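# Summary of the model geometry
Residue-level listing of the chains:
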Amino acid sequence: MLLYRVRLSKIIEIFQNFIQTELESFMIHSFDVAKMAAALARQLDFNSTLAYLAGFLHDMGLIIYSRIFEWGMGAEESSPLLKNGRIGFSMDSIVTKVDKDNKHAFVSWAIASSLGLLREEQLKGILHHHSPKPLELDLEWKTELCTQILIASDTASRVFRSSIRDGISKAFENTHRAIEKLKLDEEIKREVLNVIKSPVDAAMIYDTKAHTKYFLGSDLEVGFDELLEFFKIMVMIVDFRSSFTRRHSISIAELASDIGKELLKSDPDSKTMFAAGLL
């Protein structure tokens, strides 16, 4: 029996390291949405821990999509996407250039589902987070709430980050205007604006740190199987840089696990070898 258990906050904080890579804009956006979603969930008496995790994972499928898109492009075509080796376009441009049909939301849903930590309402919220009219989707109320929280949080991040070059005041002004235009429940809009007006919340949402202690709420303990799924996400982020390396770590993990099972005659030990192969 595997006894490894890790706190969710410690796992999420590992992902801060990816901000120092070419995926900076992706990861900053993911943390923005996670923190905003958690702050909104807290105001609405909803589960802020699961809201944080859903917000963090909502665009993970877009990372995979953007990589695959990049593989199929020539250097001349891809040059607007990469600047000095880093992905330098806004989140709106990512969706426009890479995934016009928002299929990445389904990939994000599949990734989030594999973790086994989120409830159905958070998973469906991820699936529908690009719906322009969530109130017309006829969703169960918890799912509708999660969907609206993610839409509002996603919008608040995208607009603020794309406006920040014109100054913080302009960024907040544009974000306020964009939230008002959303076809969401008025209470959701009001709570978003309250969060943005809070100097403490806004300062921590729009920096680049995870701030799990402040936003995460109750810290979940994650078992070894769930930990392996987080490792797989990390591996995808790294290995999907190239079509040649996309299966490298998972192949090593599978081989290490198979050999470990033969030599050690122990399923827990073979799982540990699988984790070692991933890392």
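Everything below is about the structure printed above this text.
This write-up is about the structure you can find in this document.

Further remarks concern the overall build of the protein chain. When its secondary structure is counted, the protein chain shows 16 helices and four strands. When each of the 279 residues of the protein chain is scored for burial, the buried share is 51%. Sequence-distant contacts, at least 24 apart, represent 71% of the contacts inside the protein chain between residues at least 6 apart. Surface exposure of the protein chain reaches about 13,500 Å², of which carbon and sulfur atoms provide 54%.

Our next topic: the side chain of glutamine 122. Within the element layout of this structure, glutamine 122 appears in helix H8 (residues 120-127). Residue classification places glutamine 122 among the buried positions, given a relative accessible area of 2%. Polar contacts involving the side chain of glutamine 122 include one to the main-chain amide nitrogen of arginine 119, which spans 2.9 Å. Dropping the residues within four chain positions of it, glutamine 122 is found in contact with Phe46, Leu50, Ala54, Cys146 and Leu150.

Turning to the layout of surface pockets, a few remarks are in order. Taken as a whole, the second largest pocket encloses approximately 160 Å³ of empty space. As for the second largest pocket, its lining consists of 13 residues, of which His130, Ser131, Pro132, Ile151 and Leu182 are closest to the centre. Of the residues forming the lining of the second largest pocket, the biggest block, four residues, is contributed by helix H9 (residues 141-163). In terms of residue class, the lining of the second largest pocket is made up of five nonpolar, four polar and four charged.

What follows concerns the packing of aromatic side chains. Taken as a whole, this structure holds nine aromatic pairs when the rule is applied. Where phenylalanine 15 meets phenylalanine 56, the ring centres are 5.1 Å apart and the plane angle is 70 degrees; that geometry is what we call edge-to-face. Of the two residues, phenylalanine 15 sits in the loop between helix H1 (8-14) and helix H2 (24-43) while phenylalanine 56 sits in helix H3 (residues 48-57), which places them 41 residues apart along the sequence. The same class applies to phenylalanine 15 and to phenylalanine 56, which are both buried. Look at phenylalanine 160 and tyrosine 206: their rings are 3.7 Å apart centre to centre, the planes differ by 15 degrees, and that puts the pair in the stacked class. Taken together, the positions of phenylalanine 160 in helix H9 and tyrosine 206 in the loop between helix H12 (199-205) and helix H13 (212-215) put the pair 46 residues apart, joining distant regions of the chain. Given the relative accessible area of 11%, tyrosine 206 is considered buried. An aromatic cluster of three or more residues is present, and its members are Phe15, Phe18, Phe31 and Phe56.

Criteria and thresholds
Counting from 1, residues in each chain are numbered in the order their sequence is written. This being a predicted model, a pLDDT of at least 70 is required before a residue's local features are given, and a value of 80 or more before pairs of side-chain atoms are given or counted; all residues contribute to the totals for chains, interfaces and linings. Side-chain numbers here rest on the full set of heavy atoms in the structure, without hydrogens or water. Secondary structure is summarised from DSSP: a helix means a run of H or I of at least four residues, a strand means a run of E of at least two, and numbering begins at the N terminus for each. Note on exposure labels: buried denotes an accessible area under 20% of the residue type's maximum, exposed denotes more than 50%, and partly exposed covers the range between, all computed with a 1.4 Å probe on protein chains only. Residue contacts follow a heavy-atom distance rule, with two residues in contact if any of their heavy atoms lie within 4.5 Å. The Shrake-Rupley method, run with a 1.4 Å probe, gives the accessible areas here. Residue values count only the displayed protein chains as cover. By the criterion applied in these results, polar contacts are pairs of N or O atoms within 3.5 Å in which, for protein atoms, one can donate a hydrogen and the other can accept it, and in which residues neighboring in sequence qualify only through two side-chain atoms. The pocket and cavity definitions rest on a 1 Å grid over protein atoms only: a 1.4 Å probe that fits but cannot leave marks a cavity, an open set with protein on both sides within 12 Å along at least five of seven lines marks a pocket, and residues lining either have an atom within 4 Å of a point. Grid points are joined across faces, edges and corners, and a volume is the space filled by probe spheres set on the points. Following the grouping adopted for this structure description, the nonpolar residues are Ala, Val, Leu, Ile, Met, Phe, Trp, Tyr, Cys and Pro, the charged ones are Asp, Glu, Lys and Arg, and the polar ones are all others, Gly among them. What counts as a ring pair is set by centres within 6.5 Å for rings of Phe, Tyr and Trp (its six-membered ring), and what kind of pair is set by the plane angle: stacked under 30 degrees, edge-to-face over 60, tilted for all other angles.

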